[in-house]
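A look at the structure
Residues per chain, in single letters:
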Amino acid sequence: GNSVTQMEGPVTLSEEAFLTINCTYTATGYPSLFWYVQYPGEGLQLLLKATKADDKGSNKGFEATYRKETTSFHLEKGSVQVSDSAVYFCAPSGYGGYNKLIFGAGTRLAVHP
Amino acid sequence: DTGVSQNPRHKITKRGQNVTFRCDPISEHNRLYWYRQTLGQGPEFLTYFQNEAQLEKSRLLSDRFSAERPKGSFSTLEIQRTEQGDSAMYLCASSLGRAGDTEAFFGQGTRLTVV
């Protein structure tokens, strides 16, 4: 069946380090791809999205490119901050009708000063 | 608009009791989703409404679970005869439109603990 595989966490980085969180998915058709973030004590919120092949989503210094050939949507940031500490979820949508999101297990990021 | 609102935020119940959660989506959002999230895992899809019609239910949703969305506004999720395995965070999300690229807005969830 359809699934999402995310890099296991926790990922621990020093401030200003480069971040990559890998995400690959299996798909029938061409889903839209999302990264959601969950900050401590808060609800899930959209970080960025891409809706078709080769699109790049970006927000708050984070980027991810829709790679159809490798069915991947890796999240990157050039210089992380302590405030980026959160759990990050990769989620394709449009699976099986009704556009429900299928979430990965999440990757916890901890950034220390 | 204050976003998606879920009540209660926390619920502790004894095994075998029934519980009901409420979700108030963002006004005008025609789509409403329920998810369940356990510790260390991503949210798992439970059910989907388009307006008042429940169009999809996950196999995770046993017959002890029922959801409604009367008049296409707020939604309720009821769990009958709760079991310890039902302990989880129950998330509600809403979105507007028909396309798969629209953003889903999530509430802060209801944390259920079955003792």
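So, here's what we can say about the structure.

The rules we used
Residues numbered from 1 in each chain as written. Chains lettered and ligands numbered in written order. Predicted model: local features only at pLDDT ≥ 70, side-chain atom pairs only at ≥ 80, totals over all residues. Heavy atoms only, no water. Phe/Tyr/Trp six-rings, centres within 6.5 Å; stacked < 30°, edge-to-face > 60°. Buried < 20%, exposed > 50% of the residue type's maximum accessible area, 1.4 Å probe, protein only. Lys NZ or Arg CZ within 6 Å of the ring centre and 35° of its normal. Contact = heavy atoms within 4.5 Å. Buried area = accessible area lost by both parts, 1.4 Å probe. Salt bridge = Lys/Arg side-chain N within 4 Å of Asp/Glu carboxyl O. Core = buried A, V, L, I, M, F, W, Y, C linked by side-chain atoms within 4.5 Å. Helix = DSSP H or I, 4+ residues; strand = E, 2+ residues; numbered from the N terminus.

Turning next to the packing of aromatic side chains. The final tally for this structure, using the stated rule, is 13 aromatic pairs over all chains. Taking 6.3 Å as the distance between ring centres and 35 degrees as the angle between the ring planes, the aromatic pair formed by B:Tyr33 and B:Tyr35 counts as tilted. With a relative accessible area of 1%, B:Tyr35 lands in the buried category. These aromatic residues form a ring-pair network of at least three members: A:Phe34, A:Tyr36, A:Phe89, A:Phe103, B:Tyr33, B:Tyr35, B:Phe45, B:Tyr48 and B:Phe106. Between A:Lys100 and the ring centre of B:Phe45, over which it is positioned, the NZ or CZ distance is 5.1 Å. Sitting above the plane of the B:Phe74 ring, B:Arg22 keeps its charged end 3.9 Å from the centroid.

With that out of the way, let us pick up the interface of chain A and chain B. Note: interface size is frequently given as the accessible area lost on complex formation between the parts. Chain A puts 22 residues into the contact, and the matching count from chain B is 23 residues. Contact between chain A and chain B buries roughly 1700 Å² in total, counting both sides, with carbon and sulfur atoms accounting for 54%. For the pair chain A and chain B, the interface holds 1 salt bridge. The partner of A:Lys100 in a salt bridge is B:Glu56, with the nearest N and O atoms 2.7 Å apart.

As a further point, take the nonpolar core. Side chains of nonpolar character tend, in soluble globular proteins, to be buried together. Counting 26 residues, the largest nonpolar core has A:Leu19, A:Trp35, A:Leu47, A:Leu48, A:Phe73, A:Leu75 and A:Tyr88 as its most contacted members. At the level of secondary structure, the elements contributing two or more residues to this core comprise strand S2 (11–14), strand S3 (19–21), strand S4 (23–25), strand S5 (33–38), strand S6 (45–50), strand S8 (62–65), strand S10 (86–92) and strand S11 (107–112) of chain A. Setting aside residues no more than four positions away along its own chain, A:Leu48 makes contact with A:Leu33, A:Phe34, A:Trp35, A:Gly57, A:Ser58, A:Asn59, A:Phe62, A:Glu63, A:Ala64, A:Phe73 and A:Leu75. B:Cys23, B:Leu32, B:Phe49 and B:Cys92 belong to the second-largest nonpolar core, a separate cluster that totals 19 residues.

Attention now moves to unusual backbone geometry. With an omega of 0 degrees, the peptide bond between A:Gly9 and A:Pro10 qualifies as cis. As for its position among the elements, A:Pro10 is in the loop between strand S1 (4–6) and S2. Note the cis peptide between B:Asn7 and B:Pro8, where omega equals -10 degrees. Even without glycine at this site, A:Glu16 takes up a positive phi of about 75 degrees.

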